[in-house]
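Take a look at the letters that make up each chain.
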There are 2 protein chains.
Amino acid sequence: MSLIPTPGFTGSPLVRIDIERDNQDYFDQAVSSLSARLLRLDGLKPVLEPDGSLSWGSLAEADPDVDLALLGLIDGKPRFVALAPVDMRQDQRMGTINGAMAMTEPGAPATYAAARSLVDWHNRHRFCANCGQRTTVRRSGWARFCLKDAGGCGAEHFPRTDPVVIMLAEYGDKVLVGRNKNTMQGKFYSALAGFLEVGESIEDAVARELFEEAGVIVTEVRYLTSQPWPIPSQLMIGCVAKVESNVVTLDTNELNDAIWVDRDQVRAALAGEPDALFTMRYPLAIAHTLLQAWANGA
Amino acid sequence: MSLIPTPGFTGSPLVRIDIERDNQDYFDQAVSSLSARLLRLDGLKPVLEPDGSLSWGSLAEADPDVDLALLGLIDGKPRFVALAPVDMRQDQRMGTINGAMAMTEPGAPATYAAARSLVDWHNRHRFCANCGQRTTVRRSGWARFCLKDAGGCGAEHFPRTDPVVIMLAEYGDKVLVGRNKNTMQGKFYSALAGFLEVGESIEDAVARELFEEAGVIVTEVRYLTSQPWPIPSQLMIGCVAKVESNVVTLDTNELNDAIWVDRDQVRAALAGEPDALFTMRYPLAIAHTLLQAWANGA
């Protein structure tokens, strides 16, 4: 058995039919199929059935003025989401996390994650970044084109996924967990993380972030696992990085504390023991998976 | 020694000083520093010194109407690039690859990759995707804000990096390499690859792409290494994926052939032997690194 647990927001049963996305006939047939299903969302938040499964309705529930995206097939049935306007002033974040934690169906958080990221991207990318014109939904909901025959520049825009490295610095038999500067009380600690930048490999980004945030020098990076994080659309890339020394210089713009913890302390935190040295949030987050994997010996 | 060679476009000596990017005083001091250096570019193509090192000039060479980006520090000196308009109708692609291959300085392709991706991103993202207004360079050249006091919506935009999975399907002691459908002659084969989508982990994307392009079912994914690919700004994530069967069903929209090759055949191809079964392009590309690593036993 693998030492690495399955991360949250993975394992969707969705079959993405990328090859048909440019095929308008395929899309039209899927829309008119009696088996077509619409993922119900409340803004960006999931809607669940009483048994904790995702709630699917008929396409008739969608506003006819709103574009649909074809997510793919589940159980052979076409699955859509409506690219509806969303009120971003509402708290979509905790609704997303709490909703995903309440899901009981295997793979449901991953299916929802794809839909949520797609709807959110369309909401915030209705105009062409190249020329400022309004863009048009294409590729069965998986792109927006700046159409030349509508006065645009011809640029094609695709949903964005931002890679983030998230890592445990490892020295001897301990790893480093940090507390966000905005966490003034409580024992919430997690793996350090940061956005990967243009011109960087995963290994480059892990080394830069650990040096910037904790002043430690990385000698070796090992990748463990990854997950999509749908708020709004990150790719979380989970690593362990051996470092030269356990002397930490905190970037106080990011963190207000960081501690070295051993495997027993990690196990106690993951188990939520009342006297654990620290506490973890969000079991769906890959920080959990990383710490569990490391405690398992990965 | 590691079985995995260092991928191209990695190992830049650039120290990115992310922590100072919002500090206008720091930026202004760097601009007025006597040691400040400007990376010379020809459009998006690199300019090299006769010895194959990157060519750096003084900031006086930059058009005063063009924004500068502070890449970071090399040898303690502030390093800038001009966010100048680029004629995208010219062939920037082969100039990039040939220029990078001609670099003799360790890490130079990686420094250039960061600058190229940044300049290219600004060129194609001068407007706000959320509201269509013109945006303004901020964060020392590492962001564009849609300023409310200039009539904008307040959205903040950051350079984009698109994760791509690139992988060798592995069955027994052979791996699968494919030939692009546009390659009608010659023996150019490479690893299969595709963009990671919203709602996917690396492992999800590897399995989906191999199933879509070759009809093979993945049972296990092992990550090997990664690189930035600066045309325009991908993160290439290199993996080997064990598959259930060696029966391939090609997606002829993408590939016109795929072959299973063993370690000796890979070594012959990497060495450019005239009777090798296939030929590789671009030693800087991670497909090379992956095949070399696999031939080494990784």
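In this text, all values refer to a predicted model and were calculated from it rather than measured experimentally.

Enquirer: An account of the domain arrangement of chain A is needed here, citing residue identities and associated values.
Expert: All names here are of chain A. Segmentation of chain A into domains returns domain 1 (1-124), domain 2 (126-159) and domain 3 (162-295). Each of domain 1 and domain 3 has a C-alpha centre, and these two points are 30 Å apart. With 19 residues of domain 1 in contact, the opposing surface of domain 3 contributes 17 residues. Both sides together, the interface formed by domain 1 and domain 3 hides about 1600 Å², and carbon and sulfur atoms give 74% of it. If you sort the residues of domain 1 by the area they bury against domain 3, Ile 4, Pro 7 and Phe 9 come out on top, with a joint share of 31%. Mapped onto the side of domain 1 that touches domain 3, the elements with two or more residues apiece are helix H2 (92-102) and helix H3 (108-124). Sorting elements by how many residues they give to the side of domain 1 that touches domain 3 places H2 first, with six residues. Classifying every residue of the side of domain 1 that touches domain 3 by side-chain character gives ten nonpolar, five polar and four charged.

Enquirer: Which residues make up the UniProt feature "domain: Nudix hydrolase" (unreviewed entry) in chain A, and what values go with them?
Expert: Feature annotation in UniProt places "domain: Nudix hydrolase" (unreviewed entry) on residues 159-284 of chain A, given in this structure's numbering. Between the end C-alpha atoms of residues 159-284 of chain A there is a gap of 23 Å, over a span that is 17% helix and 40% strand.

Enquirer: So what's going on with the sheet that holds strand S8 (residues 143-145) of chain A? Residues and values would help.
Expert: All names here are of chain A. The strand order across the open sheet formed by three strands is S7-S8-S9, and the pairing between neighbours is antiparallel. The open sheet is flanked by strand S7 (136-138) and strand S9 (156-157), the only strands paired with a single partner. Pairing analysis gives two bridges linking S8 to S9, with the strands arranged antiparallel. Bridge assignment links Arg 144 to a residue of S9, and that residue is His 157. Sheet strands in contact with H3 are S7, S8 and S9, and its direction is about 20° off that of S8.

Enquirer: Tell me what's going on with the environment of A:Gly132, and back it up with residues and numbers.
Expert: Note on placement: A:Gly132 falls in the loop between H3 and S7. For A:Gly132, the residues in contact, after removing those within four places along its chain, are A:Phe127, B:Phe127 and B:Gly132.

Enquirer: Any chance you could break down the interface of chain A and chain B for me, citing the residues and the numbers?
Expert: Each partner contributes to the interface: chain A provides 49 residues, whereas chain B provides 49 residues. Note on chain A versus chain B: buried area summed over both sides is about 3800 Å², and carbon and sulfur give 55% of it. In terms of surface lost to chain B, no three residues of chain A exceed A:Arg16, A:Arg160 and A:Val198, which account for 18% of the buried area on that side. Seen at the junction of chain A and chain B, the total is six salt bridges. Across the pair A:Glu200 and B:Arg16 runs a salt bridge whose closest N-O atoms are separated by 3.7 Å. In this assembly, chain A and chain B are joined by 22 residue pairs in polar contact (both at pLDDT 80 or more). Mapped onto the side of chain A that touches chain B, the elements with two or more residues apiece are H3, helix H4 (202-214), strand S13 (218-229) and strand S14 (234-243) of chain A. Considering only residue class, the side of chain A that touches chain B consists of 21 nonpolar, 15 polar and 13 charged.

Thresholds applied
- As a convention, each chain's residues are numbered from 1 in the sequence order in which they are written.
- Each chain takes a letter, starting from A, and each ligand takes a number, starting from 1, following the order in which they are written.
- Only residues with pLDDT of at least 70 get local features here, since the model is predicted, and only at 80 or more are side-chain atom pairs given and counted; chain-wide, interface and lining totals rely on the full set of residues.
- To get the side-chain values, all heavy atoms of the structure are used, and hydrogens and water are removed first.
- An automatic or database domain assignment is the source of the domain bounds shown.
- Residue contacts are defined here by distance: any two heavy atoms, one from each residue, within 4.5 Å place the two residues in contact.
- When two components associate, each loses some accessible surface as probed by a 1.4 Å sphere; the sum of these losses over both components is called the buried area.
- Secondary structure counts use DSSP, requiring at least four H or I residues in a row for a helix and at least two E residues in a row for a strand, with both numbered from the N terminus.
- Residue polarity is assigned by list, with Asp, Glu, Lys and Arg as charged and Ala, Val, Leu, Ile, Met, Phe, Trp, Tyr, Cys and Pro as nonpolar; anything else, Gly included, falls into the polar class.
- UniProt positions are given in the numbering used here, feature names are shortened, and annotations may be inferred rather than shown by experiment.
- Think of it this way: DSSP has to see at least two bridges between two strands before they count as a pair.
- Only the stretch in contact is used when a helix axis is fitted, and all axes are lines through C-alpha atoms; the angle between N-to-C directions ranges over 0 to 180 degrees.
- Between Lys or Arg on one side and Asp or Glu on the other, a salt bridge is scored when a side-chain nitrogen of the former is within 4 Å of a carboxyl oxygen of the latter.
- In the analysis that follows, any N or O atom pair within 3.5 Å is treated as a polar contact, provided that within protein one partner can donate a hydrogen and the other can accept it, and provided that, for residues neighboring in sequence, both atoms belong to side chains.

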